[in-house]
Amino acid sequence: MILLSMIDGEAELSKFRHIYERYKNMMYLVAFNVAKNQHDAEDIVQLSLIKLIDILYRIDENEVETPRCKNLLITITKNTAIDHIRKANHTPIPFETVEKTEAGRSAEDLYIETEDYKTVIQLINELDDKYKEILRLRILHHLTSKETAKILNITEYNVNTRLSRAKKVLAEKLKGCKNHE
């Protein structure tokens, strides 16, 4: 009820309900995969939904059923879960220890149509997680630095720094692919 009061307008409320009904179980599975307990997973889903509300205006109603929306929610939930567990334990959890789930596989691969785009996505997926998440949120999901910072719980400066570094690494990988063709 509190979450719903944070949303302005009937159209946005309808869109949020649609997203929630469509993805609540998937979000719970992603959160549980990281947290390993029901109570933390439920808290993580709630925190993820609050982050979703902040960027809800960026999702068109006709995009809710797309893999792009699903991937965005996976990314938000996974990063929220990792951050939640880090704060609870006061110890860092490396991304590599988070198990991959069926829901956690790359959703972009489901709708990629061109070979060049597939190559870029493949190269992004090969990057370190800190670069991969930045590129997905900023480039594929078109979020601002501020929105990305909020989702990843880092500063806007760190977002921009990582984005710059990620673009350089990706450009080098793309040059390597072109040289091998």
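Description of the structure in this document. (Residues numbered from 1 in each chain as written. Predicted model: local features only at pLDDT ≥ 70, side-chain atom pairs only at ≥ 80, totals over all residues. Heavy atoms only, no water.)

Counting secondary structure elements, the protein chain contains eight helices and zero strands. Along the chain direction, N to C, the helices and strands of the protein chain fall in the order α-α-α-α-α-α-α-α. Counting the 181 residues in the protein chain, one finds 43% classified as buried. Restricting the contact set of the protein chain to residue pairs at least 6 apart, pairs at least 24 apart contribute 66%. For the protein chain, the exposed area adds up to about 10200 Å²; of that, 52% sits on carbon and sulfur atoms. (Helix = DSSP H or I, 4+ residues; strand = E, 2+ residues; numbered from the N terminus. Buried < 20%, exposed > 50% of the residue type's maximum accessible area, 1.4 Å probe, protein only. Contact = heavy atoms within 4.5 Å. Areas by Shrake-Rupley, 256 points an atom, 1.4 Å probe, with all protein chains shown as cover.)

What follows is about empty space enclosed by the protein. On inspection of all chains with the given rule, the structure shows one cavity of 30 Å³ or more. In this structure, the largest cavity occupies an estimated 30 Å³ of space. Residue lining of the largest cavity: Arg-58, Ile-59, Glu-63, Arg-68, Cys-69, Leu-72 and His-141, and that is the complete set. The residue makeup of the lining of the largest cavity, split by class, is three nonpolar, one polar and three charged. (1 Å grid on protein atoms, 1.4 Å probe; cavity = no way out; pocket = protein on both sides within 12 Å on 5 of 7 lines; lining within 4 Å. Points joined across faces, edges and corners; volume = space filled by probe spheres on them. Nonpolar A, V, L, I, M, F, W, Y, C, P; charged D, E, K, R; others polar.)

Turning to helix H2 (residues 10–35), a few remarks are in order. Along its length, H2 shows its largest kink, about 55 degrees, at Tyr-23. Within the span of H2, buried status applies to Leu-13, Lys-15, Phe-16, Ile-19, Tyr-23, Met-26, Met-27, Val-30, Ala-31, Asn-33, Val-34 and Ala-35. Directly beyond the C-terminal end of H2, a positive phi value near 65 degrees is found at Lys-36. (Bend = angle between axes of the 7 residues up to and from the residue.)

Another aspect to go through is a nonpolar patch on the surface. A cluster of nonpolar side chains, Met-6, Leu-47 and Ile-50, forms an exposed patch at the surface whose accessible area comes to about 220 Å². For Met-6, a relative accessible area of 37% gives the class partly exposed. (Patch = residues over 30% accessible without salt bridge, like charges linked within 9 Å, V, L, I, M, F, W, Y side chains within 5 Å. Salt bridge = Lys/Arg side-chain N within 4 Å of Asp/Glu carboxyl O.)

Attention now goes to the packing of H2 against helix H4 (residues 67–89). Where H2 contacts H4, the two axes come as close as 9 Å, and the packing angle between them is 35 degrees. By crossing handedness, the relation of H2 to H4 is classed as right-handed. Residue-level contacts link Ile-19, Tyr-23, Met-26, Met-27, Val-30, Ala-31, Val-34 and Ala-35 of H2 to Cys-69, Lys-70, Leu-73, Ile-74, Thr-77, Lys-78, Ala-81, Ile-82 and Ile-85 of H4. (Axes fitted to C-alpha atoms, helices over the stretch in contact; angles between N-to-C directions. Left-handed = near helix turned anticlockwise from the far one by under 90°.)

Proximity of charged atoms lets side chains of opposite charge pair with each other. Evaluation of the coordinates by the stated rule reveals 10 salt bridges. One salt bridge in this structure joins Arg-22 and Glu-65, with 2.6 Å as the shortest N-O distance. In this pair, Arg-22 is assigned in helix H2 and Glu-65 in the loop between helix H3 (38–55) and H4, connecting sequence segments 43 residues apart. The class of Glu-65 is partly exposed, set by a relative accessible area of 42%.

Turning next to the side chain of Thr-80. Its location among the elements puts Thr-80 in helix H4. Overall, Thr-80 belongs to the buried group, its relative accessible area being 3%. When residues no more than four places from it in sequence are discounted, the contact partners of Thr-80 are Ile-44, Leu-47, Ser-48 and Lys-51.

A separate point is the nonpolar core. One finds Ile-19, Tyr-23, Leu-52 and Leu-73 to be the most contacted residues of the largest nonpolar core, which totals 45 residues. The set of elements that each furnish at least two residues to this core consists of H2, H3, H4, helix H5 (115–126), helix H6 (129–140), helix H7 (145–152) and helix H8 (156–180). Ranked by residues supplied to this core, first place goes to H2 with 10 residues. Sequence-distant contacts of Leu-52, that is, excluding residues within four places in its chain, are made with Phe-16, Ile-19, Ile-59 and Leu-73. (Core = buried A, V, L, I, M, F, W, Y, C linked by side-chain atoms within 4.5 Å.)

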